[in-house]
Amino acid sequence: MKKVFPYLLMFACLIASHVHAQKTLKEVLKKYNSESVPYITVKSLKEKTSEVILLDARESKEYEVSHLKNAIFVGYEQFNIRKTIKKLPNKDAKIVVYCSLGVRSEDIAEQLKSKGYLKVYNLYGGIFEWKNDGNSVFEKGGVETNKVHAYSKEWGAWLLKGEKVYE
């Protein structure tokens, strides 16, 4: 037992340091976002989905695997504010932008605000929180799916429900 104890102690310390290194979603978003765009929670969005315009600020391969129902793909790397504005003639409409967790969507939402859109929100926790809360997502063609594009192994750790897809 004396020979095993040091290994058990070392293993316990390793696990404790890994758990301590984990951050909360709030801490992650605080690290990457300026919070210049107000968040909307999954719960609040669920109550108002018919009243909002949803914009998906992920890449096309992510959108094709999974997106919120009736979301308009606007992308991130290839985002074009002029093309997006043409799709959104009412600057007073309630717009919710989302991505995987809420980092890329803040960037897109900031651009919309800079063009005079008044009611722009960032979905707190993005599509991951949407799915984690048990809500439906849809693949290309509008078919409901359990798959969610998880972006990367690091970010995919925040997706707790659904089948993770990386490519």
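Being a predicted model, the structure only gives us computed values, none of them experimental.

Brief notes about the side chain of Ser 105
Then step 1. Position of Ser 105 relative to the elements: it lies in helix H6 (residues 104-114).
Then step 2. Filtering out sequence-adjacent residues up to four positions away, Ser 105 remains in contact with Ala 57, Val 97, Tyr 98, Cys 99 and Asn 122.

Topic: the pattern of salt bridges
Then step 1. As enumerated under the stated definition, the model contains 6 salt bridges in all.
Then step 2. Note that Lys 46 is salt-bridged to Asp 133, the shortest N-O span being 3.7 Å. Here Lys 46, found in helix H3 (residues 42-48), pairs with Asp 133, found in the loop between helix H7 (126-132) and strand S6 (137-138); they are 87 residues apart in sequence, far enough to count as distant.
Then step 3. The closest approach of N and O atoms between Asp 56 and Arg 58, which form a salt bridge, is 2.8 Å. For the pair shown, Asp 56 and Arg 58 are each scored as buried.

Definitions and limits used
Residues numbered from 1 in each chain as written. Predicted model: local features only at pLDDT ≥ 70, side-chain atom pairs only at ≥ 80, totals over all residues. Heavy atoms only, no water. Helix = DSSP H or I, 4+ residues; strand = E, 2+ residues; numbered from the N terminus. Contact = heavy atoms within 4.5 Å. Salt bridge = Lys/Arg side-chain N within 4 Å of Asp/Glu carboxyl O. Buried < 20%, exposed > 50% of the residue type's maximum accessible area, 1.4 Å probe, protein only.

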